[in-house]
Amino acid sequence: MNQAQQTNITRRGWLRTALRTIALVGLGGVMVGMVSRTKRLCTKVSSTCRGCAKREACGFAPPRTLWQLDPTKCIQCGLCATSCVLEHSAVRCFHTHAQCGYCKLCFGYFEPGAKALSSAAENQLCPTGAIRRTYIEDPYFEIAIDKALCIGCGKCVHGCKMFGNGSLYLQIDHSICLNCNECAIATACPADAFSRVPYAEAYTKRANGSSEA
Amino acid sequence: MNRKLTAALIIAIAISVSTLLVVNKRGCSTTSVPESYLYSTKVYTDAERSAPLLYREISRIPLSLLEPHALTIGQNGTIAVVGDKALLLMDSEGREKQRINLDSPPTCIAWTSTNIFVGFNTHIEVYNAAGNRLQTWQTLGENAWLTGLAANTNTLFAADYGQRIVWQFGFDGQLLGKFNGRGPQGSEPGFVIPSPYFDLAIHNESVWITNPGRQRLEAYSFAGKRLSYWGKASTEIDGFCGCCNPSYIAITADGGFVTSEKGMPRVKRYASDGAFLGMVAPSDTFPKGTVGLDLAADNDGIILVLDPGSRAIRFYAEEAL
Amino acid sequence: MRIRLISLSIMTLGLVLVAPTFVSAAERFPTPDFETGYTLPSTPQPAPRAAMWEVIDTVTLLAALVLGAIFALKLRSRRAITILSLFTIAYFGFWKKGCICPVGSWQNVFQAMTDPTTTVPTSVLFVFALPLIFALFFGRIFCGAVCPLGAIQDIVILKPIRLPQWLKHALSLLPYVYLGIAALLVYTGTAFLVCRYDPFVGIYRMNGPFWIIIFGAALLLIGIFVARPYCRFLCPYGVLLSWASALSWRKVTTTPTECIQCQLCEDACPFDAIEFPTQATEAHHHGLKRLAGILLLLPILLGFGFWTGPHLSNLLSKMDHRIQLMAQLELENSIPAIEMNDQSAAFRASGTSLASLQQEVTELQQRFKTGGHILGAFFGLVIACKLAALARVRTRTDYEPSRTNCLACGRCFAYCPKEHEQRKVGSSRKQVVSYSGFSHITHGVGRASPYSGSACIATDSPRAPGIPGSTSYNAKILLPKTPQENDE
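**Observations concerning the domain arrangement of chain C**
Residue and element names in this part refer to chain C.
1) Next: By the assigned domains, chain C splits into domain 1 (52-251), domain 2 (254-277 + 402-488) and domain 3 (284-391).
2) Next: Contact with domain 1, which involves 30 residues of that partner, is made by 29 residues of domain 2.
3) Next: Summing the contributions of domain 1 and of domain 2, the shared interface buries around 2,600 Å²; its carbon and sulfur component is 50%.
4) Next: The largest share of the area that domain 1 buries against domain 2 comes from Arg-76, Arg-78 and Arg-162, three residues that together contribute 33% of it.
5) Next: At the junction of domain 1 and domain 2, the tally comes to 5 salt bridges.
6) Next: Every element with two or more residues in the side of domain 1 that touches domain 2 is listed here: α3 (78-95), α6 (141-146), α8 (165-171), α13 (229-233) and α14 (236-246).
7) Next: For the side of domain 1 that touches domain 2, the per-class residue count stands at 13 nonpolar, 6 polar and 11 charged.

Now the structure itself:
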């Protein structure tokens, strides 16, 4: 290698070092900026806030969020059952027993036009038989969802919302959900019912529109 | 070289086969939904189509209320509607004559020849036709939720969904009795009311109370004795669909019944013995999810239906045969 | 993002207006009076993955990167890198189901940078930054064995072919296109494109949209012959890594010591990332003229890109669900006979005002327009830089892996005689004929059996096509048994 090439290489080396330093500083700046923004946003609400439930208060999306389905927007289109990247969808049916009417003729359980009020498969609404109907006392029956069988299709939710008290609702089961960066169900949902919420809020949306924990 | 190519082919086949297996057996996520996941109300709409349509809508008057809850008819065709935090008095043409502001959201109303009774969640207030408050009655319990009022010349009945009983008052506010619907032996479950739709109406000397969880109407004497009942749950048009219907009732001058339902929002007409006569308003005339179709029937055979979805009162007259 | 704030407040307002219906529904539904003493069960709230796991995953990533750097630069062991790749496929691939990965994490960081109302979880920040930091120091170590998408492509490389150079350079523009489009869609809040069209995550989850799985399988099938197609021709994060790697402090070299120009590594790299020695074959001023021409072209390209960008972004805006909803509503309003689809029906039922959606859509379209301009200019810049890079002929005397394209896989080590010197050859005969390297596009070059003694095969095969300035291929494959026989 001649002198010219040698100089070229050294010059290149210096340029590289300089640009590398700038790149590192830039990267470091972005990281520090992001982390401090997180801390700053959280403490705006309270000094101990760590990604709170009061999203509207500070107006910012806190870090460490989970996907959540808003049952008040849900139209029970059935896409929750088919769009999830998991084979068995992470969306399942949940039941707020305090809102249930315990009706003998439960319209979240029975197919419209069911011949008899029995648990025979042709009378049941649920395509996977995931609802358990238990006699309590006359004329009250308890409805419970078997999570292992529920696929999150929302058929029972539709019946309950339409004819009943709306105590059944769809929600994401976070012990199963992968918390994908881009939720396939959220993309497919026609009612725009999915949003990212802080960990504390993940189950708070209820079918009746309240947000109690 | 052959070895490489063979290995490449084997890997290619392996990838293709495993892809096909993944795609077929374990399935792909898809944006198409099988029929079995979708709720169908076809059985109800089919049943409706087979029923005779006895009435037609003759007019509709808009209401200046965001959330109308109940309506009733007074003398000479005047109409009273409660909703939001107000009581509206209108004439028979639908023109608003008076708007009285109330302290809390009202839920039900009854109008006798002398007074207007306005029911709230936990108590009842009495107004006169000029709109002045005459009395405020006692609170009926912190769980009380009045959803229906009916009155004749001297007795007022109040349907309490929250405590699942029917109160009986004199016009001065004196409590005369309570109906719990448990039947003569007191062994029946009583009024089964899953959701806040519990209505009643007076005809002759009996009061008809809905028992929505059992899909029937029950008649009681003023002394509290159950006289009779009719109604059944059915997907056929003559029965009541849903888990808690009928939501509202009204009694016509001939003793026949008008019922409204929720879930499949529709208004039906029954004879005085409970025989199904025909439709007043089928479900496709109401927007999906309509609830709160309070009813009133005047002496000329016109049926008034409160439509909270369009914030209006609809008038129905019998279709000429 | 201001859009989000405004839309959030407007929707809250909209919800408040229809709140009465919700409020009354949220009132008590007194449960039946149970006489048998039945107590109401509570609704379970299954807990998500513990937050600690995010830390563990980040630390594992760091450890894998450190190991990758050691294996590629210090130990120089292809076997170790292969084992690390298998670990990556198992852990970052099948166990973690491929999300969240560095390849997509830049979108979250970019979103946080363009929308001051959002932030990025710290673990995601590290997942984004660690491979870049390592690239700044050691080259594309991440690509070598730590990327789950790369590793799965890597293990299917069997008969890699060398693409014609013009094709290779043309395809190498695609990652910039992908990066630009994905960045635009993050800016407008439309989608995380890299996540949505990730071809291999469907394989790791063993479920996913049909066409994405087919796409992934197709890439793997292609990958048997065209090594690492996604990494070389699609990966947007690879663009950032190549920029960082161009500045790296240390780089992967084929030879551990010095290059002796033996040409044995010419076919070693399945990704065609080894740069050959070149000679300046033209006068200096010709090169300057060409460079000047390209510099003149730069503003034209930039301008053209700036001007045409919004056309592209307008097309992309059709992907946004809010714009789709608006289009559907307008269609329904103009043609009453059109049936509502689920989306418009849900919108009408939700009570949100059309005016608020209209405003949101207007702001979105403005974002698409601005973003389109920038995107177009960016594409113009990329093309100009590519032309400039192609025009420049740097004098090089050694064979060295390209800083930007080398994926630190370590396959070329075994081709270098100096490497064998260092390893004190004995059992290295297995490594001499490793299963990578280009298949013979020149006929007649035999591959000596690994168990024979030295075999010299010289042919005058035609010049390997497509490689500018390369000397005619004259292979001498030496299989030294003892170190002394190694010298040419």
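**Re the nonpolar core**
Most often, soluble globular proteins keep nonpolar side chains buried together rather than apart.
1) Next: Core analysis: the biggest nonpolar cluster contains 101 residues, and Val-103, Trp-106, Phe-128, Phe-142, Phe-200, Tyr-230 and Tyr-237 of chain C have the highest contact counts within it.
2) Next: A total of 10 residues in this core trace back to one element, the largest contributor, which is helix α5 (residues 122-138) of chain C.
3) Next: With sequence-adjacent residues up to four places away left out, Phe-142 of chain C is seen in contact with Leu-61, Leu-65, Pro-102, Val-103, Pro-131, Cys-147, Tyr-237 and Leu-241 of chain C.
4) Next: Counting residues in hydrophobic clusters, the runner-up holds 44 residues, among them Cys-93, Ile-145 and Phe-194 of chain A together with Ala-346 of chain C.

**Details of the pairing of strand β5 (residues 96-101) of chain B**
All names here are of chain B.
1) Next: In this sheet, β5 lies alongside strand β4 (residues 86-90) in antiparallel orientation, the contact comprising 5 bridges. Bridged to Leu-88 within β5 is Arg-99.
2) Next: A loop of 5 residues connects β4 with β5, the two strands running antiparallel in sequence, and Gly-94 in this loop sits at a positive phi of about 95°.

**Description of the pattern of salt bridges**
All names here are of chain B.
1) Next: Enumeration according to the criterion identifies 39 salt bridges over all chains in this entry.
2) Next: Linking Arg-266 and Glu-48 is a salt bridge whose minimum nitrogen-to-oxygen distance equals 2.9 Å. Linking Arg-266 in strand β20 (residues 266-270) with Glu-48 in helix α2 (residues 42-49), this pair joins segments that are 218 residues apart in sequence. Both residues of the pair, Arg-266 and Glu-48, count as buried.
3) Next: Salt-bridge contacts for Glu-125 lead to Arg-133; the nearest nitrogen and oxygen are separated by 3.0 Å.
4) Next: Sharing partners across several salt bridges, the network here consists of Glu-188, Arg-214, Arg-216, Glu-218 and Arg-226.

**A look at the packing of aromatic side chains**
1) Next: With the rule as written, the count across this model stands at 44 aromatic pairs over all chains.
2) Next: A centroid spacing of 6.5 Å and a plane angle of 55° characterise the contact between Trp-106 of chain C and Phe-110 of chain C, whose relative ring orientation is tilted. Of this pair, Trp-106 of chain C and Phe-110 of chain C both sit in helix α4 (residues 102-114), 4 residues apart, which is roughly one turn of the helix.
3) Next: The partly exposed category is assigned to Phe-110 of chain C, whose relative accessible area is 26%.
4) Next: Aromatic ring contacts, followed pair by pair, group Phe-157, Phe-179, Phe-191, Phe-198, Tyr-220 and Phe-222 of chain B into a single cluster.
5) Next: Geometry around Phe-141 of chain A places Arg-133 of chain A over its ring, the cationic atom sitting 3.8 Å from the centre.

**Some points on the environment of Leu-234 of chain C**
Residue and element names in this part refer to chain C.
1) Next: Counting through the fold element by element, Leu-234 comes out in the loop between α13 and α14.
2) Next: Residue Leu-234 is classed as partly exposed on the basis of its relative accessible area, which comes to 21%.
3) Next: For Leu-234, the residues in contact, after removing those within four places along its chain, are Pro-175, Tyr-178, Phe-215 and Pro-229.

**Description of the interface of chain A and chain C**
1) Next: The partner chain C presents 67 residues to the 64 residues of chain A that form the contact.
2) Next: Between chain A and chain C, a total of about 5,600 Å² is buried, with carbon and sulfur atoms accounting for 63% of that surface.
3) Next: Among the residues of chain A in contact with chain C, Arg-20, Asn-181 and Glu-182 of chain A are the three that bury the most area, contributing 12% of the side total.
4) Next: Counting the contacts that link chain A with chain C gives 1 salt bridge.
5) Next: Applying the counting criterion to the chain A and chain C interface returns 16 residue pairs in polar contact (both at pLDDT 80 or more).

**Some points on the sheet that holds strand β15 (residues 206-211) of chain B**
Residue and element names in this part refer to chain B.
1) Next: Taken in spatial order, the 4 strands line up as β14-β15-β16-β17 in an open sheet, and their pairing is antiparallel. Of all the strands in the sheet, the pair left with one neighbour each is β14 (200-203) and β17 (226-230). When the angles between neighbouring strand axes are averaged without regard to direction, this sheet yields 25°.
2) Next: Of the pairings in the sheet, the one linking β14 to β15 comprises 4 bridges and is antiparallel in character. When the bridges of β15 are listed, His-203 appears paired with Ser-206.

**Some thoughts on the packing of helix α15 (residues 284-317) of chain C against helix α18 (residues 354-391) of chain C**
Residue and element names in this part refer to chain C.
1) Next: α18 packs onto α15 with a crossing angle of 150° between their chain directions and a minimal axis gap of 5 Å. Between α15 and α18 lies a crossing whose hand is right-handed.
2) Next: Its residues assigned to classes, the contact of α15 with α18 comprises 20 nonpolar, 8 polar and 2 charged.

**Here's the deal with the state of the cysteines**
Defined simply, a disulfide is a covalent bond joining two cysteines at their sulfur atoms.
All names here are of chain C.
1) Next: Evaluation of the coordinates by the stated rule reveals 0 disulfides over all chains.
2) Next: Between Cys-231, a cysteine without a disulfide, and Cys-147, which holds the nearest cysteine sulfur, the sulfur-to-sulfur distance is 6.0 Å.
3) Next: A residue is classified by how much of its surface remains accessible, and Cys-231, at 12% relative accessible area, is buried.

**Quick look at the sheet that holds strand β8 (residues 124-128) of chain B**
Residues and elements named next belong to chain B.
1) Next: Reading across from one edge, β6-β7-β8-β9 is the order of the 4 strands in this open sheet, with antiparallel pairing throughout. The outermost strands of the open sheet, each flanked by one partner alone, are β6 (108-111) and β9 (133-136). The mean inter-strand angle of the sheet, taken between neighbouring strand axes irrespective of direction, is 20°.
2) Next: Note that strand β7 (residues 115-119) and β8 share 5 bridges and pair antiparallel. In the sheet register, Gly-119 faces β8, and the bridge partner there is Ile-124.

**Structural notes on the side chain of Arg-226 of chain B**
All names here are of chain B.
1) Next: Its place among the elements puts Arg-226 in strand β17.
2) Next: Overall, Arg-226 belongs to the buried group, its relative accessible area being 18%.
3) Next: At 2.7 Å, the side chain of Arg-226 forms a polar contact with the side chain of Glu-188.
4) Next: For Arg-226, the residues in contact, after removing those within four places along its chain, are Gly-181, Gly-183, Pro-184, Glu-188, Arg-216, Glu-218, Ala-219 and Tyr-220.

**Notes on the interface of chain B and chain A**
1) Next: Opposite the 31 residues of chain B that make contact, chain A presents 30 residues.
2) Next: Between chain B and chain A, a total of about 2,500 Å² is buried, with carbon and sulfur atoms accounting for 65% of that surface.
3) Next: One can count 0 salt bridges joining chain B with chain A.
4) Next: Across the chain B-chain A interface, the total number found is 3 residue pairs in polar contact (both at pLDDT 80 or more).
5) Next: Mapped onto the side of chain B that touches chain A, the elements with two or more residues apiece are α1 (2-26) and α2 of chain B.
6) Next: Of the residues that constitute the side of chain B that touches chain A, the class distribution is 16 nonpolar, 12 polar and 3 charged.

What counts and what doesn't
Residues numbered from 1 in each chain as written. Chains lettered and ligands numbered in written order. Predicted model: local features only at pLDDT ≥ 70, side-chain atom pairs only at ≥ 80, totals over all residues. Heavy atoms only, no water. Domains from an automatic or database assignment. Contact = heavy atoms within 4.5 Å. Buried area = accessible area lost by both parts, 1.4 Å probe. Salt bridge = Lys/Arg side-chain N within 4 Å of Asp/Glu carboxyl O. Helix = DSSP H or I, 4+ residues; strand = E, 2+ residues; numbered from the N terminus. Nonpolar A, V, L, I, M, F, W, Y, C, P; charged D, E, K, R; others polar. Core = buried A, V, L, I, M, F, W, Y, C linked by side-chain atoms within 4.5 Å. Buried < 20%, exposed > 50% of the residue type's maximum accessible area, 1.4 Å probe, protein only. Pairing = 2+ DSSP bridges. Phe/Tyr/Trp six-rings, centres within 6.5 Å; stacked < 30°, edge-to-face > 60°. Lys NZ or Arg CZ within 6 Å of the ring centre and 35° of its normal. Polar contact = N/O pair within 3.5 Å; in protein donor to acceptor, adjacent residues only side chain to side chain. Axes fitted to C-alpha atoms, helices over the stretch in contact; angles between N-to-C directions. Left-handed = near helix turned anticlockwise from the far one by under 90°. Disulfide = S-S within 2.5 Å.

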